[in-house]
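Listed here are the chains, written in short residue letters.
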Amino acid sequence: MNNKYDVIIIGAGPAGLECAHQLKNSDKSVLIIEKNEIIGPKICAGGLTNLANNFYIPENKTRSFAKQIIFLNKKQYNITLVNPIKTISRLDLGQYQLSKIKNSRNIQILKNTKVKEIENNKVFTIDNQIFHFKYLVGADGSNSIVRKYLGLKSEFCFGFYYEIPKITNDFVWHVNPKELKSGYIWTFPHKNHTNIGVYFHPRQLSAKEAKNILEKTLTDNGLKFSTKKIKGSAINYCFKGYMFNKIFLVGDAAGLASKTTGEGISFALTSGKEIAKKIIESNYTTTELNKNSKN
Ligand SMILES: Cc1cc2nc3c(=O)[nH]c(=O)nc-3n(C[C@H](O)[C@H](O)[C@H](O)COP(=O)(O)OP(=O)(O)OC[C@H]3O[C@@H](n4cnc5c(N)ncnc54)[C@H](O)[C@@H]3O)c2cc1C
């Protein structure tokens, strides 16, 4: 295997895969390094707002909801959106993105390989491979090793959820500032399960409090769950820039997720696309990213 690439992308999430997609058939040789064997699965509720509408995702991979039910301090409001919110499984999203770059003449994908270190223009993997880059793209999520290498701090919100086997039809938000402060509880119906979770800021609510509120909501709604199956992760919302000489940050690694809602897939896709354009054409001005950085 070649060990010198024009562009090395660390992470095959939405940001890294979209970046590679935009670099497809360019004059750049690209290596994506992904720590997982299977591309796609990630702790995420899989909600897509209209901000992701610039990216074509086949309709048969999503469920679509124009009607939203909002419980504000337990009082119900129904709203209808012009642009429906969709849900998608992260496995389906990842595999669809992968299908668009598979077998590209200029893109190689190295799965099941974690990057452990970066030094000057080299990355080192845990199985002791060394790759050289001209450009490095940190698409490695909220706990980004590239971000750490750049010495940038992160700030995190958190999301916990249960996947309930029951298939529901209502897209629901519970907003209750007394209990949840600036956080909320979501119910996102998917094709074969329902994702119900809590989003919160750790400065306002402890993980234990958030978990208790989530579980009480499930119990009050007669939904069964196994406490062992709770899933959760951090979301980095601390944007400090996305271009650092020959190193770029995209998606959660760049802190592009929304602090208010935790939404990050659309920003990951947009930043992956825009950074690829910047790599191809150094004079390219990334107005889309400038918009994102203010969210
Ligand atoms: C509980 C929860 C619910 C969420 N719900 C939503 C939602 O409904 N809608 C929404 O828009 N956003 C949601 N988000 C946020 C969303 O998941 C992220 O914003 C989005 O996944 C960011 O994409 P990314 O490509 O930047 O990073 P990621 O999707 O995190 O992908 C990073 C990739 O890098 C790989 N990687 C990491 N480190 C290394 C390494 N050292 N070497 C090699 N590979 C590495 C990982 O395996 C992963 O594949 C949620 C987040 C959480 C935690």
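Given the structure is predicted, the values throughout are model-derived calculations rather than measurements. (Residues numbered from 1 in each chain as written. Predicted model: local features only at pLDDT ≥ 70, side-chain atom pairs only at ≥ 80, totals over all residues. Heavy atoms only, no water.)

**Student:** Looking at this structure, how should I read the pairing of strand 2 (residues 30-33)?
**Tutor:** Every other side chain in a regular strand lies on the same face of the sheet, so the side chains alternate between the two faces. Neither face of strand 2 is left uncovered, since the one carrying Val30 and Ile32 and the one carrying Leu31 and Ile33 both have all their residues buried. With four bridges connecting them, strand 1 (residues 4-10) and strand 2 associate as parallel partners. By the bridge assignment for strand 2, Ile8 is matched with Leu31. You can see the chain leave strand 1, run along helix 1 (residues 14-23) and come back into strand 2, and the turn it takes is right-handed. (Buried < 20%, exposed > 50% of the residue type's maximum accessible area, 1.4 Å probe, protein only. Helix = DSSP H or I, 4+ residues; strand = E, 2+ residues; numbered from the N terminus. Pairing = 2+ DSSP bridges. Right-handed = clockwise from strand over helix to strand, strands pointing away.)

**Student:** Help me understand the environment of Thr285, please; the structure alone is not making it clear to me.
**Tutor:** Mapping Thr285 onto the fold places it in the loop between helix 6 (265-280) and helix 7 (287-292). It is 32 Å that separates the C-alpha atoms of Thr285 and Asn2, two residues lying 283 residues apart in sequence.

**Student:** Explanation requested: the pairing of strand 4 (residues 62-72) in the structure shown.
**Tutor:** Note that strand 4 and strand 5 (residues 75-88) share ten bridges and pair antiparallel. The partner of Gln68 across the bridge, within strand 5, is Ile79. Here strand 4 folds back onto strand 5 in antiparallel fashion, the turn holding two residues, of which Asn73 has a positive phi close to 50 degrees. For strand 4 and strand 11 (residues 171-175), the ladder comprises five bridges, and the chain directions are parallel. Across the sheet, Phe71 pairs through a bridge with His174, a residue of strand 11.

**Student:** When you look at the side chain of Ser266 in this model, what are you seeing that I'm missing?
**Tutor:** Position of Ser266 among the secondary structure elements: in helix 6. Dropping the residues within four chain positions of it, Ser266 is found in contact with Leu51 and Ala52. (Contact = heavy atoms within 4.5 Å.)

**Student:** Please clarify how the sheet that holds strand 3 (residues 47-48) should be interpreted in this entry.
**Tutor:** Within a sheet, each strand pairs with its neighbour through backbone hydrogen bonds, oriented either parallel or antiparallel. Taken in spatial order, the eight strands make up an open sheet running 3-5-4-11-12-13-10-14, and their pairing is mixed. The sheet is open, and its two edges are formed by strand 3 and strand 14 (231-236), each paired on a single side. Where helix 5 (residues 207-220) meets the sheet, its contacts fall on strand 10 (156-164), strand 11, strand 12 (184-189) and strand 13 (194-200), and the angle it forms with strand 10 comes to roughly 30 degrees. (Axes fitted to C-alpha atoms, helices over the stretch in contact; angles between N-to-C directions.)

**Student:** Which parts of the structure should I look at to understand helix 2 (residues 90-101)?
**Tutor:** The α-helix winds at 3.6 residues per turn, so residues separated by three or four positions along the chain end up facing the same way. For helix 2, built from twelve residues, the straight-helix expectation of 16 Å at 1.5 Å per residue is met to within 8% by its first-to-last C-alpha distance of 17 Å. Residues of helix 2 that are buried include every one of Arg90, Leu93, Gly94, Tyr96, Gln97, Leu98 and Ile101, and no others. Of the surrounding elements, those touching the buried residues of helix 2 are helix 1, strand 2, strand 5, strand 6 (107-110) and helix 6. Immediately beyond the C-terminal end of helix 2, within one or two residues, lies Asn103, with a positive phi of roughly 65 degrees. (Expected span 1.5 Å × (residues − 1).)

**Student:** Is there a simple way to explain the nonpolar core in this structure?
**Tutor:** A general tendency of soluble globular proteins is for nonpolar side chains to be buried together. Core analysis: the largest hydrophobic core is formed by 45 residues, its most contacted members being Ile8, Ile9, Ile32, Val123, Leu136 and Val137. Excluding its chain neighbours within four sequence positions, the residues that come into contact with Ile9 are Gly16, Cys19, Ala20, Leu23, Val30, Leu31, Ile32, Ile33, Val137 and Ala139. (Core = buried A, V, L, I, M, F, W, Y, C linked by side-chain atoms within 4.5 Å.)

**Student:** Can you walk me through the site of the ligand in this structure?
**Tutor:** In the region of the ligand, 36 residues are neighbours, and Glu34, Gly47, Arg90, Asp252 and Ile265 sit closest. At 3.1 Å, a backbone N or O of Lys35 approaches a nitrogen atom of the ligand. In this structure, an oxygen atom belonging to the ligand sits 3.3 Å away from a side-chain N or O atom of Asn36. Elements supplying a minimum of two residues to the shell around the ligand: helix 1, strand 10, strand 14 and helix 6. Of the residues in the shell around the ligand, the class split is 16 nonpolar, twelve polar and eight charged. Each of domain 1 (4-40 + 90-154 + 237-292) and domain 2 (47-88 + 156-235) contributes no fewer than three residues to the shell around the ligand. (Near = heavy atom within 4 Å. Polar contact = N/O pair within 3.5 Å; in protein donor to acceptor, adjacent residues only side chain to side chain. Nonpolar A, V, L, I, M, F, W, Y, C, P; charged D, E, K, R; others polar. Domains from an automatic or database assignment.)

**Student:** Which parts of the structure should I look at to understand the environment of Gly262?
**Tutor:** Among the structural elements, Gly262 can be located in the loop between strand 16 (247-249) and helix 6. Distance from Gly262 to Gly159, taken between C-alpha atoms, is 8.0 Å for residues 103 residues apart in sequence. Residues within four places of Gly262 in sequence aside, it is in contact with Tyr199, Ile235 and Ala257.

**Student:** Honestly, the domain arrangement of the protein in this entry has me stumped. Any pointers?
**Tutor:** How large an interface is tends to be reported as the accessible area lost when its parts come together. Domain parsing of the protein yields domain 1 (4-40 + 90-154 + 237-292) and domain 2 (47-88 + 156-235). Its C-alpha centre places domain 1 at a distance of 27 Å from the equivalent point of domain 2. Contact with domain 1, which involves 23 residues of that partner, is made by 19 residues of domain 2. Of the roughly 1,800 Å² buried between domain 1 and domain 2, counting both surfaces, carbon and sulfur atoms make up 63%. At the surface where domain 1 touches domain 2, the tally comes to eight residue pairs in polar contact (both at pLDDT 80 or more). Per element, the largest residue contribution to the side of domain 1 that touches domain 2 is six residues, and it comes from helix 6. Residues of the side of domain 1 that touches domain 2, tallied by class, amount to seven nonpolar, eight polar and eight charged. (Buried area = accessible area lost by both parts, 1.4 Å probe.)

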